[in-house]
Amino acid sequence: MTPPDLAVLPALPDDEVYALVGEDGFRRLVAAFYRQIPQDPILGPMYPPDDWEGAEERLREFLIFRFGGPTIYLAKRGHPRLRMRHAPFVITPAARDRWVELMDAALEQAALAPAADAVLRRFFSEIATFLINRPTLVSPAQGYGTR
Ligand code: HEM
C-alpha cells in the first residue's frame, strides 16, 4: 500500500482515530512495530530485554488514550511526559529516523483505514523529531566547515 496522500484526505480529528481503528487496530500496529525491534542494531539494545510485553502494552495503551480510546494508560502511568521518559535513551537523528522507518513499516502491515493511517504517520514523525535529545556527532576529523 502506498502512503495516503495527506493533501487529498479529509482531516480526521485525533480523538476520532480510535473509533475508526479500534483496540484491534492499535494491537496489530504496535505488535508489528515491536516484532522488528529486538533484532534492530540501533533500537534493539535500548529496550528492556526482559519486558517486551510490558513495552508493547505501554505504547499500545498510550496510543489508545491519545487517540480517543479508554484512558487506561493515564490510570497506570500518569501524564505521559514523553520527553522526560525518553531522557535515559540516546536519541540521535539516526535513531529517530530508524524508529519512524520501523513504525511506517508497521503501519503498512496493519493496513488501517487511510484517514487514520495519515493522522498516525504524521503524529509519529513529529513526536519522534521532538524526542531527539542528542545532535548528530561530528568527529573533528570530518571537519566543521571552512572556518
Ligand atoms: C524517536 C525514537 C524513539 C526511541 C529511540 C524510543 C525509545 C523508547 C524506549 C527504549 C522506551 C522504553 C520501553 C519501555 O519499557 O516502555 C520507550 C518508551 C515509550 N515510548 Fe518511545 N521511543 C522513540 C519514539 C517514540 C515516539 C515517537 C512515541 C510516541 C508515539 C513514543 C512513545 C513511547 C511511550 C508511550 C513509551 C512508554 C512510556 C512509559 O509509560 O514509560 N516513543 N521509548
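This text goes with the structure placed above it.
We now turn to the structure provided with this report. Because the structure is a prediction, the values reported are computed rather than measured.

### A look at the overall build of the chain
Here is step 1 of the chain: Of regular secondary structure, the chain possesses 6 helices and 0 strands.
Here is step 2 of the chain: Taken from N to C terminus, the helices and strands of the chain fall in the order α-α-α-α-α-α.
Here is step 3 of the chain: Counting every position in the chain, which comprises 147 residues, the buried fraction comes to 20%.
Here is step 4 of the chain: Within the chain, residue pairs in contact and separated by at least 24 positions form 78% of the contacts whose partners lie at least 6 positions apart.

### Let's talk about the nonpolar core
Here is step 1 of the chain: By size, the foremost hydrophobic cluster in this structure holds 24 residues, and its most contacted members are V17, L29 and L107.
Here is step 2 of the chain: Those elements giving two or more residues to this core turn out to be helix 1 (17-36), helix 2 (52-66), helix 5 (93-110) and helix 6 (114-130).
Here is step 3 of the chain: With residues near it in sequence (within four places) discarded, L107 still touches L29, L112, D117, L120 and R121.

### Here's the deal with the site of the ligand
Here is step 1 of the chain: In the vicinity of the ligand lie 24 residues, with A55, R58, F62, W99 and A128 positioned nearest.
Here is step 2 of the chain: Of all the elements in the fold, those that place two or more residues in the shell around the ligand are helix 2, helix 4 (82-86), helix 5 and helix 6.
Here is step 3 of the chain: Tallied by class, the residues present in the shell around the ligand amount to 17 nonpolar, 2 polar and 5 charged.

### Quick look at helix 1
Here is step 1 of the chain: With 20 residues, helix 1 should reach 28 Å at 1.5 Å per residue; the first-to-last C-alpha distance of 24 Å falls well below that figure.
Here is step 2 of the chain: A maximum bend of about 65° is found in helix 1 at E23.
Here is step 3 of the chain: Residues V17, Y18, V21, G25, F26, L29, V30 and F33 constitute the buried set of helix 1.
Here is step 4 of the chain: The inward-facing, buried residues of helix 1 abut helix 2, helix 5 and helix 6.

### What about the environment of T129?
Here is step 1 of the chain: With respect to the element layout, T129 can be found in helix 6.
Here is step 2 of the chain: The spatial distance from the C-alpha of T129 to the C-alpha of R96 is 6.5 Å, given a sequence separation of 33 residues.

### Observations concerning unusual backbone geometry
Here is step 1 of the chain: Despite not being glycine, R81 has its phi angle at roughly 40°, a positive value.
Here is step 2 of the chain: Positive phi is not limited to glycine here, since A111 has a value of about 45°.
Here is step 3 of the chain: In this structure, A111 sits in the loop between helix 5 and helix 6.
Here is step 4 of the chain: In this structure A111 comes out as partly exposed when scored by C-beta crowding, with 13 C-beta atoms within 10 Å.

### Here we look at the packing of helix 1 against helix 6
Here is step 1 of the chain: Across the interface, helix 1 lies against helix 6 with an axial gap of 9 Å and an inter-helix angle of 90°. With respect to each other, helix 1 and helix 6 are oriented roughly perpendicular. Residue-level contacts link V17, L20 and V21 of helix 1 to A115, A116, V119 and L120 of helix 6.
Here is step 2 of the chain: When grouped by side-chain class, the residues that make up the contact of helix 1 with helix 6 number 7 nonpolar, no polar and no charged.

### What to know about the environment of E108
Here is step 1 of the chain: Take E108: it is sitting in helix 5.
Here is step 2 of the chain: Here E108 falls in the partly exposed class, since 14 other C-beta atoms lie within 10 Å of it.
Here is step 3 of the chain: For the pair E108 and L29, spaced 79 residues apart in the sequence, the C-alpha separation amounts to 8.9 Å.

### Side note on the environment of L12
Here is step 1 of the chain: Within the secondary structure, L12 is located in the segment before helix 1.
Here is step 2 of the chain: With 19 C-beta atoms counted inside 10 Å, the residue L12 sits in the partly exposed group.
Here is step 3 of the chain: On a C-alpha basis, the gap between L12 and A115 in space is 6.2 Å, while along the polypeptide they are 103 residues apart.
Here is step 4 of the chain: With sequence-adjacent residues up to four places away left out, L12 is seen in contact with V17, A115, A116 and V119.

The rules behind the values
- Each chain has its residues counted from 1, following the order in which its sequence is written.
- Where totals are concerned, whole chains, interfaces and linings use all residues; where local detail is concerned, this predicted model gives features only for residues with pLDDT of at least 70, and gives and counts side-chain atom pairs only at 80 or more.
- Helix and strand assignments come from DSSP, with helices taken as H or I runs of at least 4 residues and strands as E runs of at least 2, each series counted from the N terminus.
- Burial is judged by counting the other C-beta atoms within 10 Å of a residue's own C-beta: 20 or more makes it buried, 12 or fewer makes it exposed, and any count in between marks it as partly exposed, with every C-beta position built from the backbone.
- Contacts here follow a simple rule: the backbone-placed C-beta atoms of the two residues must lie within 7 Å.
- Joined through C-beta atoms within 7 Å, a set of buried Ala, Val, Leu, Ile, Met, Phe, Trp, Tyr and Cys residues constitutes a nonpolar core.
- In this analysis, residues qualify as near a molecule or strand once their C-beta atom, positioned from backbone atoms, comes within 6 Å of it.
- Only Asp, Glu, Lys and Arg are considered charged in this grouping, and only Ala, Val, Leu, Ile, Met, Phe, Trp, Tyr, Cys and Pro are considered nonpolar; every other residue, Gly among them, is considered polar.
- The span expected for a helix works out to 1.5 Å for each residue beyond the first.
- Fitting axes to the seven residues that end at a residue and to the seven that start at it, the angle between those axes gives the bend at that residue.
- Axes here mean lines fitted to C-alpha atoms, for a helix over just the part in contact, with angles spanning 0 to 180 degrees between N-to-C directions.
- If an angle is under 35 degrees, it is roughly parallel; if it is over 145, roughly antiparallel; if it lies from 65 to 115, roughly perpendicular; otherwise it is oblique.

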